[in-house]
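# Coordinates in review
The lines below spell out each chain.
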Amino acid sequence: MWRESKKTFKKNDTFSLDDISAVQMGRQSEGLKKNTEEQVEDRCFSIIFKSRRKNLDLIASSEEEAKQWVKSMQKVVSNLNNLSQKQKTEHWILSCLRKADKNKDDNLSPSEVKSFLHLINIEVDDEYMEMLFKKCDKSKSGTLTGEEIKHFYDLLTQRDEIDVIYGEYAKTTGFMSAQNLVDFLMKEQREKATLADAHRIIEMYEPDENAKEKKLLSKDGFLMYLNHPDAMILNPDHKDVYQDMSQPLNHYFISSSHNTYLMEDQLKGPSSTEAYIRALQKGCRCVELDCWDGPDNEPVIYHGYTLTSKILFKDVIKAISEHAFKTSQYPVILSLENHCSVEQQEVMARHMSSILGSALITSPLSDGMPTNFPSPEELKGKFLIKGKRLNKLEDTFAEAAADDNDVTEEEESNDEDAQKEKSTKKKLKLAKELSDMVIYFKSVHFNSFEDAQKNLSFYEMASFKEGKAMKLAEESANAYVRHNVEKFSRIYPAGSRTDSSNYNPVPLWNAGCQIVALNFQTPCTDMDVNQGRFLVNGKSGYILKPAFMRDVATDFDPITLTRGDWLKHKTLHVMVISAQQLPKVSQKKSSIVDPLVKVEIYGVPADVAEKETKPFDNNGLNPSWNENFQFDVYVPELALVRFSIEDYDSISDNDFVGQYTLPFNSLKMGYRHVPLFNKNGNLLPSAGLFVHIMVMDAE
């Protein structure tokens, strides 16, 4: 790629195609909007990355050239995303080989083989390497070429544990027959399987045409099947939307973001429309907009009273409008933190109305005053506004709408900048146009559960700072659960978290809170758990709460766990067997990972547990542990299981390598591969963990 710029670029400024998240045509990015004129619109395009790397904005010499670039790159990225596990592995191996072949002669010398082994994260004893090298150097040339390199790699990546399992069931002339495969699926994987299922698997995964013809499965075919996403640890029936989506909106946990506009921290980090796009791409369904008066009567979004940069409100609404429904069709809630003058609030209302059009909900779905929330299904493709309102929704139906634009109200608990403003009582000036757009999510102050029960309508909701919410979730858990059967609760991180760190969302989900807002821009365990909670149900951003959290008279209390429908005591047996192709954590050449595996249960306090294996020294390519763990799970419907791999360090904290979190009830039993996500929540292309899972009824 050739590019012209005043700045000098590093000579080797390259990036892997694996890093690309999307390629966008036109002047869509902030950089292009700011630095280019409209007439080059058709020649512009941007490459958006999965990591925190900034967009790459490019201008081609003609519209034709730009189109060709975009089309070709989109095709290549799409192909890369659809590789099989075997192809991913080969792709990874080839890129490591290319790096190791220093003199680019397509041969590997012993020293190049050593650097290749470092790249694939394996420390091999010199003598052992020499022995393997000689074994593979059939041509006696002192270097390895083509087939010899492949042979060398095959010897290194031998999966003994797969051989053992395969050998147990391959009872037909050293192969697995369809019947052998049915036995394996029923006995080990606890799946209902027929001969027809076995034939379909052989047809799909067997690479050897002769074996396929005889309806036999070879060891390679068996491994390819075990590596297929549908045969992995996540129940494939839970990948798409499988829950009832016709319940009232407040009966769901909703994937929610806090300070969505920030790319980094809350004091001086950049604000960007890009941050909204990233959150929406991750399935987030509730985004936050901190709105302030801007120049030229155009409201801006940024973190008030800080040095974070400002972005135009209308640009954010445009970005949201374009990207809201690409990952999920279900409704998006715009949570307005409104600090604008009445004049600029009118501008906000106009922008939302003109940009979002008929997708914006500005009146109840039904005729007459609603008594409950509509469902996610009824609200597909729609936007809902959460904010303050001049009057009660009932008043508009009683035709007694107040003309007065002033409302005195106590400083709301969700106004995070309260402590910085002088008076707690103040006149709230609210534009009628904006107020009228608030239908199902009216922000109000929370006094007590009794007060809410008596005085608040179903659509009136409070926001709780994490500390207050955690206290309620511990001390009045059942009252909180019941409150959330009828109303909405939004939780947000404490203002003291200026580094945009997060809190554990699980205790708040246990109390039935629907909108538990996290800083999506901050990679951490809490975000991993959030990703795990919303991994299923089509990544729709909506997860139906268990039935015992949707009943007004429920006795469920996550802390005391009295008897009830929620108690379904299970025993989880996990055998951590092996891992494959773990990425290097440290960029130091000589550093090789010493991996250990942690298995954690998140859920009600009685279920919370953590166990870990011993570290395996100097091997990220194919470490094996064969360690068994057992867990008691009392409320499986609220439990999540997290597998994480760390690089053991005896002196300092262990380094994070990869993780995968999923709902307990979405686990598949038997021998399963576990995919791994990096710290930003993106899939590590060829890495994986191999485990055996068994879930038993404990009573």
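The protein chain is annotated in an unreviewed UniProt entry as Phosphoinositide phospholipase C from Oreochromis aureus. For the record of the protein chain, the UniProt heading Catalytic activity (unreviewed entry) holds the text "a 1,2-diacyl-sn-glycero-3-phospho-(1D-myo-inositol-4,5-bisphosphate) + H2O = 1D-myo-inositol 1,4,5-trisphosphate + a 1,2-diacyl-sn-glycerol + H(+)".

## Considering the side chain of T143
As for its placement among the helices and strands, T143 is situated in the loop between α5 (126-136) and β5 (144-145). Its relative accessible area of 18% is what places T143 among the buried residues. For T143, the contacting residues outside a window of four places in its chain are N107, L108, S109, F133, D137 and E148.

## Details of the pairing of strand β27 (residues 670-677)
Here β27 lies mainly inside the structure; 8 of its 8 residues are buried. Sheet topology places β27 next to strand β28 (residues 683-697); 7 bridges connect them, and they run antiparallel. Paired with H673 across the strands is F690, a residue of β28. Connecting β27 to the next strand, β28, in antiparallel fashion are 5 residues, including G681 with a positive phi near 85 degrees.

## Side note on helix α19 (residues 477-486)
The α-helix advances 3.6 residues per turn, and as a result positions three or four apart in sequence lie on the same side. The buried fraction of α19 amounts to 7 of the 10 residues, a majority that puts the element mostly inside the structure. Summarising the contacts, the buried residues of α19 are in contact with α17 (449-455), β17 (460-465), α18 (466-475), β18 (489-492) and α20 (506-510).

## Concerning the nonpolar core
Counting residues in each nonpolar core, the largest one holds 103 residues, and the members touching the most others are L289, L334, M352 and F643. The contact partners of M352, leaving out residues within four places of it in the chain, are F313, I317, L334, L336, G357, L360, I385, L434 and M437.

## A few points about the UniProt feature "binding site: Ca(2+) 4" (unreviewed entry) in the protein chain
If you check UniProt for "binding site: Ca(2+) 4" (unreviewed entry), the listed places come out as I592, D594 and N618 in our numbering. Taking the farthest pair of C-alpha atoms as the criterion, the annotated set spanning 27 residues converges on one region, since that pair is 6.7 Å apart. Following the sequence through the fold, D594 ends up in the loop between β21 (570-580) and β22 (595-602).

## Quick look at the packing of aromatic side chains
Across all of its chains, the model carries 26 aromatic pairs by this definition. One aromatic cluster in this structure is built from F373, Y440, F441, F458, Y459 and F488. Over the face of the ring belonging to F690 we find R159, whose NZ or CZ atom lies 5.2 Å from the ring centre. One Lys or Arg, K611, reaches over the ring of F631 and ends 5.0 Å from the middle of that ring.

## Some points on the packing of helix α13 (residues 313-323) against helix α14 (residues 342-356)
It is at 10 Å that the axes of α13 and α14 come closest, and there the two elements cross at 25 degrees. Taken together, the axis directions place α13 and α14 in an arrangement best described as roughly parallel. You can see that α13 and α14 cross each other, and the crossing is right-handed. Contacts from F313, K314, I317, K318 and S321 in α13 reach M348, H351, M352, I355 and L356 in α14. Residue composition of the contact of α13 with α14, by class: 6 nonpolar, 2 polar and 2 charged.

## Concerning the sheet that holds strand β3 (residues 56-59)
Sheets are built from strands that pair by backbone hydrogen bonding, the pairs being arranged parallel or antiparallel. In space, the 3 strands of this open sheet follow the order β1-β2-β3, with antiparallel pairing throughout. Every other strand in the sheet has two partners, leaving β1 (20-25) and β3 as the edge strands with one partner each. With direction set aside, neighbouring strand axes in the sheet form an average angle of 15 degrees. Looking at chain direction, β1 and strand β2 (residues 44-49) are connected through 5 bridges and run antiparallel. Across the sheet, V23 pairs through a bridge with I47, a residue of β2. Taken strand by strand, helix α2 (residues 63-81) contacts β1 and β2, and its axis lies near 155 degrees from that of β1.

## Topic: the pattern of salt bridges
Enumeration according to the criterion identifies 24 salt bridges in this entry. Salt-bridge contacts for D528 lead to R642; the nearest nitrogen and oxygen are separated by 2.7 Å. Taken as a pair, D528 in helix α21 (residues 525-533) and R642 in strand β25 (residues 640-647) lie far apart in primary sequence, 114 residues in all. R642 matches D528 in its accessibility class, with the two residues each being buried. Linking K598 and E610 is a salt bridge whose minimum nitrogen-to-oxygen distance equals 3.7 Å. With K598 in strand β22 and E610 in strand β23 (residues 609-612), this pair connects stretches of sequence that are 12 residues apart.

## With respect to unusual backbone geometry
The residue D296 is not glycine, and still its phi comes out positive at about 55 degrees. Within the chain, N618 stands out as a residue other than glycine whose phi angle is a positive 50 degrees. Topologically, N618 is positioned in the loop between β23 and β24 (624-633). For N618, a relative accessible area of 33% corresponds to the partly exposed category.

How each quantity is defined
Residues numbered from 1 in each chain as written. Predicted model: local features only at pLDDT ≥ 70, side-chain atom pairs only at ≥ 80, totals over all residues. Heavy atoms only, no water. UniProt positions renumbered as here; feature names shortened; annotations may be inferred. Helix = DSSP H or I, 4+ residues; strand = E, 2+ residues; numbered from the N terminus. Buried < 20%, exposed > 50% of the residue type's maximum accessible area, 1.4 Å probe, protein only. Contact = heavy atoms within 4.5 Å. Pairing = 2+ DSSP bridges. Core = buried A, V, L, I, M, F, W, Y, C linked by side-chain atoms within 4.5 Å. Phe/Tyr/Trp six-rings, centres within 6.5 Å; stacked < 30°, edge-to-face > 60°. Lys NZ or Arg CZ within 6 Å of the ring centre and 35° of its normal. Axes fitted to C-alpha atoms, helices over the stretch in contact; angles between N-to-C directions. Parallel < 35°, antiparallel > 145°, perpendicular 65-115°, else oblique. Left-handed = near helix turned anticlockwise from the far one by under 90°. Nonpolar A, V, L, I, M, F, W, Y, C, P; charged D, E, K, R; others polar. Salt bridge = Lys/Arg side-chain N within 4 Å of Asp/Glu carboxyl O.

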